Structures are given as C-alpha cells and as structure tokens.
Amino acid sequence: TVYQDYFFDEPAYNTHDGGYIPLEVADAPAQPLAIPALVQPDSETDTDAYYTLTAQKGETQLLPGAKTKTWGYNAPLLGTTFAFKVGKHIHITLKNELDELTTFHWHGLAVSGPYVDGGCHAPVYPGESKQIDFTLDQPAATTWLHAHPCPSTAEQVWHGLAAMVIVHDDHELNLPIPHDYGVDDIPLVLQDRRFHEDNQWDYHADYDPDGVQGPTAMINGTINPYFDVTRQKIRFRILDGANRREWRLHFSDDLEFTQIASDSSLLPEPVQLTHLMLTCAERAEIIVDFKGYKPGDTVTLYSDDVPIVTFKIHEFAADDRVLPDHLLEIHAPKVLPTTPVRKVVMSGMDEAVALDGKKFNMQRIDATQPIGLAQYWDVSNTNTMHGGMVHPFHVHGTQFLVISRNGGAPYPNEHGYKDTVGVNPGETVRILVRFDLPGVYMYHCHIIEHEDGGMMAQIQSYDPNRPMPKYKLMDMGTL
Ligand code: C2O
Ligand code: CU
Ligand code: CU
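Please read all numbers here as calculations on a predicted model, not as lab measurements. (Residues numbered from 1 in each chain as written. Chains lettered and ligands numbered in written order. Predicted model: local features only at pLDDT ≥ 70, side-chain atom pairs only at ≥ 80, totals over all residues.)

**Observations concerning the confidence of the model for the protein**
Definition in use: What pLDDT reports is the predictor's confidence in each residue, on a scale of 0 through 100.
In the predicted model, the protein carries a mean pLDDT of 96, and 99% of its residues have values of at least 70. Both scores are available for the predicted complex, with the pTM at 0.98 and the ipTM at 0.99.

**What about the pairing of strand β21 (residues 283-289)?**
What counts here: Each residue is classified by how many other C-beta atoms fall within 10 Å of its C-beta atom, where C-beta atoms are placed from the backbone; a count of 20 or more means buried, 12 or fewer means exposed, and values in between mean partly exposed. Put simply, DSSP marks the helices as runs of H or I at least four residues long and the strands as runs of E at least two long, and each gets a number from the N terminus on. Two strands qualify as a pair provided DSSP detects at least 2 bridges between them.
Among the seven residues of β21, six are classified as buried, and the element is accordingly described as predominantly covered. Pairing of strand β18 (residues 257-261) with β21 involves three bridges; the strand directions are antiparallel. Paired with A261 across the strands is E285, a residue of β21.

**A closer look at the UniProt feature "domain: Plastocyanin-like" (unreviewed entry) in the protein**
As a reminder, the rule being used: UniProt positions are given in the numbering used here, feature names are shortened, and annotations may be inferred rather than shown by experiment.
As recorded in UniProt, the feature "domain: Plastocyanin-like" (unreviewed entry) lies at residues 56-170 and 337-462. The distance from the first to the last C-alpha atom of residues 56-170 is 34 Å, and the span holds 7% helix and 42% strand.

**Side note on the pairing of strand β31 (residues 428-433)**
Residues V429, I431 and V433 of β31 are buried on one face, while the alternating residues T428, R430 and L432, pointing to the opposite face, are not. Examined bridge by bridge, strand β27 (residues 375-381) and β31 share six bridges and lie antiparallel to one another. Bridge assignment links W377 to a residue of β31, and that residue is I431. Judged from the four bridges that link them, strand β29 (residues 401-405) and β31 form a sheet pairing that is antiparallel. Residue S404 lies in a different strand from β31, and its bridge partner there is R430.

**Some points on the sheet that holds strand β33 (residues 456-462)**
Stated formally: In this description, a line fitted to the C-alpha atoms serves as the axis of each element, helices being fitted only across the stretch in contact, and the angle between N-to-C directions of two axes falls anywhere from 0 to 180 degrees.
Taken in spatial order, the five strands of this open sheet run β26-β33-β32-β28-β30, and their pairing is mixed. Strands with a single pairing partner mark the edges of an open sheet, and in this sheet they are β26 (367-370) and β30 (420-423). Within the sheet, the average angular offset between the axes of one strand and its neighbour, ignoring direction, is 25°.

**What about the nonpolar core?**
Side chains that are nonpolar tend, in soluble globular proteins, to be buried together. Note the cut-off: When buried Ala, Val, Leu, Ile, Met, Phe, Trp, Tyr and Cys residues are joined through C-beta atoms within 7 Å, the set is termed a nonpolar core.
Core analysis: the largest hydrophobic core is formed by 117 residues, its most contacted members being V165, I219, I286 and I431. When residues of this core are assigned to their parent elements, the largest contribution, six residues, is made by strand β12 (residues 162-168).

**Considerations on the domain arrangement of the protein**
The test is simple: What marks off one domain from the next here is an automatic or database domain assignment. We call two residues in contact whenever the C-beta atoms placed from their backbones are within 7 Å. For this classification, Asp, Glu, Lys and Arg are treated as charged, while Ala, Val, Leu, Ile, Met, Phe, Trp, Tyr, Cys and Pro are nonpolar and the rest, including Gly, are polar.
By domain assignment, the protein separates into domain 1 (2-13 + 177-313), domain 2 (28-173) and domain 3 (342-478). Placing a centre on the C-alpha atoms of domain 1 and another on those of domain 3 gives a separation of 26 Å. Contacts between domain 1 and domain 3 engage 29 residues on the former and 29 residues on the latter. With five residues, strand β19 (residues 266-273) is the single largest residue contributor to the side of domain 1 that touches domain 3. Counted by class, the side of domain 1 that touches domain 3 contains 15 nonpolar, seven polar and seven charged residues.

Shown next as structure tokens:
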C-alpha cells in the first residue's frame, strides 16, 4: 500500500485556526541548503567522548541586506549536529554565553531527569557552565536539543536555540540505508519566521498565545534553499522545529517515499507514503528514491501548496540496495491488570490552556510512576473541531508506544517508539509509557507557547525499592 493522505483529521489542521498564518515564498534568491556541521568531540577514547556545547548569540545572513540577530549552539544559528553512539559514555560541558538563563534539553534522549534531561530545573546562568554526563541505551533515532527555561522556552527557540541530535546503534548502522551525513543522510529542520525591519525577528511583536508563526519557511536556517542531489537515494531526517506550525509535506509529481523511522526509533516496517504531516517536535526519517529523474531535473518539497526546498538532480550511480521488510523488533512491555490507566487532559486554547485543569507549577509533582512499570496513559484533547487545534503531546524521559486513537488503530507510521504524538480535537490517544530511569520529567503540549502558557505537568519516576528522592526544583520566582 502507498498511503496518500495525512492521516490527521482534516478539519483539525492548523490552517483552520483563526490565527493561522499561511506560508509564502520569500522574496529572496535561492540559497544552498545549510547542512550543520557534525560536532567534533574535544577528545575521545574507545569508551568516552568529551564535548563542549555553547549557547551563544550571533548574526546570520538569511536575506539580502542586513544580517539577522540569531542564537545558536556552537554556531550563530540553530546548532551543530551531535551524533552519539549508544553505549558510549558522553561528557558535555554546557556553557551559557547569553545574557539570560537557559537550559539544554535533550528532547528524545533517554537520560535522567530533571538535571541531565535539561528541562526547567537545570538552569545554566549567563556566563556560567555546567557538566553533564550520560550513557545512552536506546534505539537509534533522530532526536534534538532545545532550550527549555520556563516560561521562555518558546522565545529562546524562536531566537534559534534548537539543533539536531542523532543516535546511532550497530543495528541501524548495518542497514542498507544512506549513512553519509551531509551527502545522502540529510537533516531538515523545519521552522518558520517573520522578518521585520532590517531583517530582524521580533518575538514579542509576533506573539500569539496559540503559538508564534511567520510566513517564511526556514529550513536548517536557510531561506529558499536548494539541495544538490548526488546520490540516487537520500535519507532525510525531518524535524518539526517550529513553535506551532504543522508541516504537511509532499513532493512534486506526488513522488512516493518510504518512512523508516519516527521520533524515537526505526519503524517496525517501512511505510510507503506520498504525504506526511508532522506536528511540533515530531520527527520522521524518510528515504526518497530519485531513480526516475535525470541530471538537470528538479524535484520540489512542498508544505501544503508552498515550495519549501528544491532538489537539483545531478549524475548519480545506480543504487539497488533493497530495504528489508522488517526494520526493528518492537517489544511492547506487558501491562499488569492491576495497573490503572492514567488520564491526561489537554484543554483550552489561548491563555486558557491547561493540563488536567491546572496550569504548570514548577514546584508541584503532578504524578508518580515506578521505574520499569508499563502504564497506559489516555491522553485527551478536549478542543472541538470548531476552532480547535491538534495538541502535540510530549513526555520527557521515555520512548512510548502509540496503542490506539479513540479506540481504533494508530496511524500506519506510528508503530515505532515515539516521544511526541499529535492528538486531534475530541480525541483520546492511548500510549504505553515506561520510565527506566528515576527522575522528574515534564510532559506537555509541544506547541511551545501552550507549554509556556501552562499546558504542562511533571511526573516523578522512582525506584520502588529505594526511598523517594527529593529533587531541588526551580520556582518561577527564582527565574
Ligand atoms: Cu521538546 Cu519539554 O520538550
Ligand atoms: Cu522533551
Ligand atoms: Cu497545544
């Protein structure tokens, strides 16, 4: 089967929201797509790797004329790409060269909370630095890094604090799929911005409590990008790194592509698609086969009907590698009949957003769950189709499975591990959640303004055989 639709409920697309800002083609020359450099470790042994990660300010030539003031990680805008191998002991020095507090959140990494995870309880103050270390034990995945200080996550991400983080394992490295970063293994960080006077961004001028948007697509920090295709098959690691925008992706000629991974792992089986919708913070890895094209041809990637990347086809060698029918074994953990279903309710719009009827409070632990115990979470969106929105629901510190949507099957491309799932208005999505590491973890809507607006809560996972640890939690007042 080749799926030809976006799966999500059409009346729930963000295009129907009153505040929606459609994308427009920027009045700017085409630019080569920026490919963020891979971060090089400061030093490395067989077992350990040491890195420095600096949140910094800079300027970027995004449009002709004045440079735009931007923020980034080890770079003026967005960041360099980390690639971690599971099992390696990673040490990172986090440095804050901004004028305000920030945090370094590893969205999708299985690391302990709340300090290594880098949510709001792990501040790094201006001019200071901090050390973290972790060893990953999780499937290969495309994850990301972003700022997460409450309640200014959205503004810091808008300034540019977001970068891709790739996790490799031997299984994925041995699959017959593209692995050549920057050549046939390509990050695509999808964002949107509005440019004001002198090509600057103005978060406050554009503020919308339902999520800040702009009419100009920015891909890897490039406006109007093109990419030179020099291999028959290209693997794209696509991240919805926008504050609120959904991306409805499709290629010219309704070119078919194969999704091989979602947020937190490969899919159990590859899925053939012509259309793909991503909600905020979701990732998809797809393989596009350009076999039918010849040098000089172009292929366009669209979101809705707006071109966002142009692919220029060059000479390439034939690639007849065949994807296996089976990519990954998924072991769904057993749920004990005595374990209750946890209910999570996302409600409201604008300033009225809430989680379980409450606004986020950094000092309040909203729920607890023993490590190693699998529990169903029924996550509902009480918005209605009339002006409601899809809320992308994210949980830190876990790789969950999507079990059902309103009691029916999940979408065909959400059978792998995930950490973010779009919940339609009026829908209840059942996910299967297990924490393997103790800590305090946030869970929230990933429309970042909804999160900053309080549609967020936190859970403490704990080892039932030990005394409950007490974590030092930040307070809004201490920002
Ligand atoms: Cu992408 Cu709370 O995170
Ligand atoms: Cu996260
Ligand atoms: Cu939301």
